[in-house]
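Secondary and tertiary structure notes
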Amino acid sequence: PKLGPQNRPIDRSIPSLSPPMAPSMRSLALWAVALTSVPSSSAFVPRSFGVSATATAASASASSSSSSTSTSLRATALESLASMTKLSIDSGDLDVVAKYGATGLITDATTNPLFVSQAGSRGDARYESMVEEAITYAKEKSCNLEGCEDPVGAVNLAIDRLAVNLGAELTRLVPGVVSTEVDIRLSYDTEGSVDRARRIVSMYEEKGVPKDRILIKLAGTWEGIQAARVLEREGIKCNITLVFGFLQAAAAAQAGAYLISPFPGRILDWHKSKSGRSGYEPAADPGVVAVRRMYSYFRKYGHDTVCMPASWRPSRGPEVEGSEVDEILALAGVDEMTIPPPLLEKLNSMEDYEVERVCDAEADAATCLDPDFPLTEETFAQYWETDVCSQDKLKEGIDAFTKETEKLAQIIVDRF
């Protein structure tokens, strides 16, 4: 059977939930404190960051499997990391994905509206043919000789088709799954997101790509998470993206989402802007701490949801040599990571480098202090009001991806 993050057979079915019970006042208090607190992670500093002998001993006792999962010092940091964490490439550049896919170190690929927009305007003959096919497809499905009854709908169909065209090519370059995003403008529309996701999966199947090779990306709004709940019950695996806080992660896991994409780098950006600090030690980086907390919650309560951080920043500041991979190394051992080509190249250039396992399922589960009670729309909204970082960064992310989607829509309109 397929194995999950703890080498347990994955049961992808979603048990029916009993009617949500109102959490006790004690549980509410615990969550309120947990949502605003930052647990200590000092015992999980990678060796290369100069941890003290005492902390090294504590880390060794918490991750006894490190020696069996680390590669020899002759390996690059990329090879060493790939021995303990599944890697996805965060790119829509076919040549770059092919290059890294051929190494055998990269399993999956992720796309987003920016990559699809770039494909629509790149000028390369391969991408041009994708755009032309998408437009032709939309015309045949939505229009006739007298025009299109629903021009906006026809353009949206072309956008989805282009995303599928790009994703289908990526499935030929990596052996695992490819993430394809539902129109970000539907982030607060559960029904609309479900309909578009089903259409995307259907178009992949038309191209001979089975649905188990695809992850449907949905924004980490309450509505997006509920769309994932519906789709997962239909056997469509989902990637909840734009995750900036524990609340989103817990809700996604309870909805049965296959995977989440938390953004440690953007969490760090927010905290730096509010604190005035120029940097943090990697283990104390607020983005790293947030991801570690999500991961420990998943492992403690048996959620099979994969934790796949994305969007990286230099914890110690860009002026510190080698800091661009601080967050990556500080989360080594997490289920999966999606990494852009420049950082993959940096890791590959770090020769004779043994990456220390930091995230360990059993040890991290033991550190989790968060309660686990069913979230409802009401309780989610209440806790959401306390998480200003997630509010700010989610809005910023949706706005940025919306601009890219509208830019792509204009490209298609101009060529329709």
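Here the structure is a predicted model, which is why all the values come from computation and not from measurement. (Residues numbered from 1 in each chain as written. Predicted model: local features only at pLDDT ≥ 70, side-chain atom pairs only at ≥ 80, totals over all residues. Heavy atoms only, no water.)

Remarks on the pattern of salt bridges
With the rule as written, the count across this model stands at 24 salt bridges. With its nearest N and O atoms 2.8 Å apart, the salt bridge here joins D399 to K395. Here D399 and its partner K395 are both found in helix 18 (residues 388-415), four residues apart, which amounts to about one turn of the helix. Given a relative accessible area of 34%, D399 falls into the partly exposed group. Through salt bridges that share partners, D160, D183, R185, R196 and R199 make up one connected network. (Salt bridge = Lys/Arg side-chain N within 4 Å of Asp/Glu carboxyl O. Helix = DSSP H or I, 4+ residues; strand = E, 2+ residues; numbered from the N terminus. Buried < 20%, exposed > 50% of the residue type's maximum accessible area, 1.4 Å probe, protein only.)

Describing unusual backbone geometry
Non-glycine residue L242 carries a positive phi angle of around 55 degrees. Turning to its location among the elements, L242 is positioned in strand 7 (residues 238-243). If you check the backbone angles, S311 has positive phi at about 65 degrees while not being a glycine.

Observations regarding the state of the cysteines
This model, assessed by the stated rule, comprises one disulfide. The disulfide that involves C143 links it to C148, with 1.7 Å between the sulfurs. Sign of the S-S torsion, about 90 degrees for the bond between C143 and C148, identifies this disulfide as right-handed. Not engaged in a disulfide, the cysteine C359 finds its nearest cysteine sulfur in C307; these two sulfurs lie 7.6 Å apart. (Disulfide = S-S within 2.5 Å.)

Quick notes on the packing of aromatic side chains
Throughout the structure, instances matching the rule amount to seven aromatic pairs. When the centroid spacing of 5.2 Å and the interplanar angle of 45 degrees are considered together, the rings of W222 and F380 count as tilted. You can see W222 sitting in helix 10 (residues 222-233) and its partner F380 sitting in helix 17 (residues 377-384), a full 158 residues away along the chain. The exposure class of W222 is buried, given its relative accessible area of 13%. Residue F380 is classed as buried on the basis of its relative accessible area, which comes to 5%. (Phe/Tyr/Trp six-rings, centres within 6.5 Å; stacked < 30°, edge-to-face > 60°.)

So, the environment of D352
Examined against the element boundaries, D352 turns out to sit in the loop between helix 15 (341-349) and helix 16 (361-367). On the accessibility criterion, D352 (52% relative accessible area) is exposed. Placed 276 residues apart in sequence, D352 and T76 show a C-alpha to C-alpha distance of 5.5 Å.

Looking at the nonpolar core
One finds I216, I339 and L347 to be the most contacted residues of the largest nonpolar core, which totals 111 residues. Examining the composition of this core, we find that 10 residues originate from one element, helix 8 (residues 151-171), more than from any other. Core analysis: the second largest hydrophobic core is formed by six residues, L215, Y258, L259 and V306 among them. (Core = buried A, V, L, I, M, F, W, Y, C linked by side-chain atoms within 4.5 Å.)

A word on the pairing of strand 8 (residues 259-262)
Across the two faces of strand 8 the burial is the same, with L259 and S261 and I260 and P262 all buried. Direction of pairing for strand 7 relative to strand 8: parallel, over a ladder of three bridges. If you follow V243 over to strand 8, its bridge partner there is P262. This β-α-β element, strand 7 to helix 11 (residues 246-254) to strand 8, shows right-handed connectivity. The pairing of strand 8 with strand 9 (residues 306-307) spans two bridges and is classified as parallel. Each residue of the ladder has a partner; that of L259, found in strand 9, is V306. (Pairing = 2+ DSSP bridges. Right-handed = clockwise from strand over helix to strand, strands pointing away.)

Considerations on the packing of helix 12 (residues 264-275) against helix 13 (residues 286-300)
Two elements in contact, helix 12 and helix 13, have axes separated by 7 Å at closest approach and are oriented at 130 degrees. In terms of axis orientation, helix 12 runs oblique to helix 13. Regarding helix 12 and helix 13, the two cross each other, and that crossing is right-handed. Note on element contacts: helix 13 touches helix 12 through P286, G287, V288, A290 and V291, opposite P264, I267, L268 and H271. Across the contact of helix 12 with helix 13, the residue classes break down as seven nonpolar, two polar and no charged. (Axes fitted to C-alpha atoms, helices over the stretch in contact; angles between N-to-C directions. Parallel < 35°, antiparallel > 145°, perpendicular 65-115°, else oblique. Left-handed = near helix turned anticlockwise from the far one by under 90°. Contact = heavy atoms within 4.5 Å. Nonpolar A, V, L, I, M, F, W, Y, C, P; charged D, E, K, R; others polar.)

Some thoughts on helix 7 (residues 125-142)
The terminal C-alpha atoms of helix 7 lie 25 Å apart, and with 18 residues this matches the ideal 26 Å at 1.5 Å per residue to within 8%. Buried within helix 7 are the following residues: Y127, M130, V131, A134, I135, Y137 and A138. Down the axis of helix 7, the smallest arc covering the buried residues is 160 degrees, so these residues share one side. Those residues of helix 7 that are exposed and angled more than 90 degrees off the buried face are A125 and E140. In this structure D124 caps helix 7, since a side-chain oxygen of it lies 2.8 Å from the backbone nitrogen of R126. (Expected span 1.5 Å × (residues − 1). Arc of directions from axis to C-beta. Polar contact = N/O pair within 3.5 Å; in protein donor to acceptor, adjacent residues only side chain to side chain.)

Structural notes on the environment of E354
Tracing the backbone through its elements, the reader meets E354 in the loop between helix 15 and helix 16. For E354, a relative accessible area of 22% translates into the label partly exposed. Note: C-alpha distance between E354 and E79 (275 residues apart in sequence) is 9.0 Å.

A look at the pairing of strand 1 (residues 86-90)
Within strand 1, four of the five residues are buried, which leaves the element mostly enclosed by the surrounding structure. Between the parallel pair strand 1 and strand 2 (residues 108-110), the chain is carried across by helix 5 (residues 94-101), and the sense of this crossover is right-handed.

Regarding the sheet that holds strand 6 (residues 214-219)
Spatial ordering of the open sheet is given by 9-8-7-6-5-2-1-10, a layout of eight strands whose pairing is parallel. Each end of this open sheet is capped by a strand with a single partner; those strands are strand 9 and strand 10 (336-339). Both strand 1 and strand 2 contribute to a ladder of three bridges, which runs parallel. Within the sheet, the bridge partner assigned to S88 lies in strand 2 and is D108. In the packing of helix 10 onto the sheet, the strands contacted are strand 6 and strand 7, and the crossing angle to strand 6 comes to about 155 degrees.

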